[in-house]
Amino acid sequence: MELPLVVGVDGSESSMRAVDWAADEAVLRKVPLRLVYASLWERYEGAALAETLGTTSEQALEDNILDTAARRAQRRGADLKVTTEVLPEDAVSALLNEGRNACALVLGSRGRSRVAELLLGSVCLEVAARANCPVIVLRGGHDNQAGNGMLRRIALGVGEEQQNSEALRFAFQEAQRRGAALDAVRAWRCPAHESADHPLLAGEPARLHEERAVEILESALNQFAAEYPSVELRRRTAEGPARRVLLDASTRADLLVVGARRRQGHLGLQLGQVAHTALHHARCPVVVVPQRG
């Protein structure tokens, strides 16, 4: 049985745009779409939501939020299989549980109110840091780049230990599905203390760091380039902090893919600075792909 693409719906316009995006993605992947609402959101703003929608909290939950989302998704593909469910859990627990049987989780990044937006932001971070499957967060402040395939380009951040990684495979697969080019980017920096006077780096400290970045990039990509020959691959190294380099890449992409290493037995949030920054500031949807090890 094919795993569904799961969308967290909270009634906000951001989550409805996430439904649109996910419906198109589900059609592209030929997988079912599952819409879920964590009912304990009501604890925070149920009364205000019910008043806004002019109905009771329960009716707003059942009739307005998921039904509206399902109808909206169905319009994106007549043959798309759409299911909905209200989950009596908090948003993080509900989404993490759903992620155990999903090909990916899709979330908006803005809530119905300022309080909900802050809460949703923390939900996105925690789910992205702990989920067993890829987590796709649609940056709500940049709707012009939240469309499927508009630029026909996927950006991929290549880290230090990403040979044979899930993030690389996800990026190549997504580029192949979309017929998009894949921009694989590796950032590099020359530490300030390494000057031309350094005995091992005399005259060319920056060149050595750049060459090392090229080697890492080639080593990481070679297997997948051979496995996905139809993908147009663009390799690029750039000087600067990885966070800045990838945010720049996100301005020219439909999707930014980054990896997040999961360490067995580690109970805290496992989300690096690069992924954390991308989720807050990227100019396009961001995919955080878990990697074991």
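Anything mentioned here points back to the structure above.
Residues numbered from 1 in each chain as written. Predicted model: local features only at pLDDT ≥ 70, side-chain atom pairs only at ≥ 80, totals over all residues. Heavy atoms only, no water.

> Sorry if this is basic, but what is going on with the overall build of the protein chain here?
Counting secondary structure elements, the protein chain contains nine helices and ten strands. Scored against the burial criterion, the 293 residues of the protein chain give a buried share of 51%. By element, 49% of the accessible surface of the protein chain is carried by carbon and sulfur atoms, the whole surface being about 13800 Å². (Helix = DSSP H or I, 4+ residues; strand = E, 2+ residues; numbered from the N terminus. Buried < 20%, exposed > 50% of the residue type's maximum accessible area, 1.4 Å probe, protein only. Areas by Shrake-Rupley, 256 points an atom, 1.4 Å probe, with all protein chains shown as cover.)

> Could you clarify how one ought to interpret the pattern of salt bridges in this entry?
It is possible for side chains bearing opposite charge to pair when their charged atoms get close. Scanning all chains against the criterion turns up 20 salt bridges. Here R29 and E174 are joined by a salt bridge, their closest N and O atoms 3.3 Å apart. One end of the pair, R29, is in helix α1 (residues 13-29); the other, E174, is in helix α6 (residues 166-178), and 145 residues separate them in sequence. With a relative accessible area of 13%, R29 lands in the buried category. The closest approach of N and O atoms between E227 and R169, which form a salt bridge, is 2.7 Å. Of the two residues, E227 is situated in helix α7 (residues 205-227) and R169 in helix α6; the sequence distance between them amounts to 58 residues. The exposure class assigned to E227 is partly exposed, which follows from its relative accessible area of 39%. The structure contains a network of salt bridges with shared partners spanning E25, R29, E174, R177 and R178. (Salt bridge = Lys/Arg side-chain N within 4 Å of Asp/Glu carboxyl O.)

> Help me understand the state of the cysteines in this model?
By definition, a disulfide links the sulfur atoms of two cysteines through a covalent bond. Under the counting rule described, the total for this entry stands at zero disulfides. As a non-bridged cysteine, C103 has C133 as the owner of its nearest cysteine sulfur, 7.7 Å distant. (Disulfide = S-S within 2.5 Å.)

> Looking at this structure, I do not really get the pairing of strand β1 (residues 5-8). What am I missing?
Side chains on a regular strand alternate between the two faces of the sheet. Neither face of β1 is left uncovered, since the one carrying L5 and V7 and the one carrying V6 and G8 both have all their residues buried. By the bridge criterion, four bridges tie β1 to strand β2 (residues 33-38) in an arrangement that is parallel. Directly across from V6, in β2, lies its bridge partner R34. Handedness of the crossover joining β1 and β2 through α1: right-handed. For β1 and strand β4 (residues 104-108), the ladder comprises three bridges, and the chain directions are parallel. Across the sheet, the residue bridging to V6 is L105, located in β4. (Pairing = 2+ DSSP bridges. Right-handed = clockwise from strand over helix to strand, strands pointing away.)

> Would you mind going over the packing of helix α8 (residues 242-250) against helix α9 (residues 273-281) with me for this structure?
Helix-helix packing is described using two parameters, namely the angle between the two axes and the distance between the axes. In the contact formed by α8 and α9, the axes pass within 9 Å of each other and the chain directions differ by 35°. The two elements α8 and α9 cross, and the hand of that crossing is right-handed. Contact residues: α8 offers A242, R243, L246 and L247, while α9 offers Q273, V274, T277, A278 and H281. (Axes fitted to C-alpha atoms, helices over the stretch in contact; angles between N-to-C directions. Left-handed = near helix turned anticlockwise from the far one by under 90°. Contact = heavy atoms within 4.5 Å.)

> Explain the packing of α6 against α7 to me, please; I cannot follow it from the model alone.
Contact geometry for α6 and α7: axes closest at 10 Å, N-to-C directions at 35°. Two packed elements cross with a definite hand, and for α6 against α7 that hand is right-handed. Mapping the contact onto sequence places L168, R169 and F172 in α6 and A220, L221, Q223, F224, A225 and E227 in α7. Here the residues of the contact of α6 with α7 are counted per class, giving six nonpolar, one polar and two charged. (Nonpolar A, V, L, I, M, F, W, Y, C, P; charged D, E, K, R; others polar.)

> Where do I start with the environment of N101 in this structure?
Take N101: it is sitting in the loop between α4 (91-99) and β4. Distance from N101 to E2, taken between C-alpha atoms, is 9.6 Å for residues 99 residues apart in sequence. Apart from residues lying up to four places away in sequence, N101 is in contact with L3 and P4.

> Please explain the packing of aromatic side chains as it appears in this structure.
A ring pair, where both rings are aromatic, is described by two values, the distance of the centres and the angle of the planes. Counting across every chain of the model gives two aromatic pairs. Pairing F172 with F224 gives two aromatic rings, centres 5.8 Å apart and planes at 25°, and the pair type is stacked. Placement of F172 in helix α6 and of F224 in helix α7 is noted, with a sequence separation of 52 residues between them. What makes F224 buried here is its relative accessible area of 0%. (Phe/Tyr/Trp six-rings, centres within 6.5 Å; stacked < 30°, edge-to-face > 60°.)

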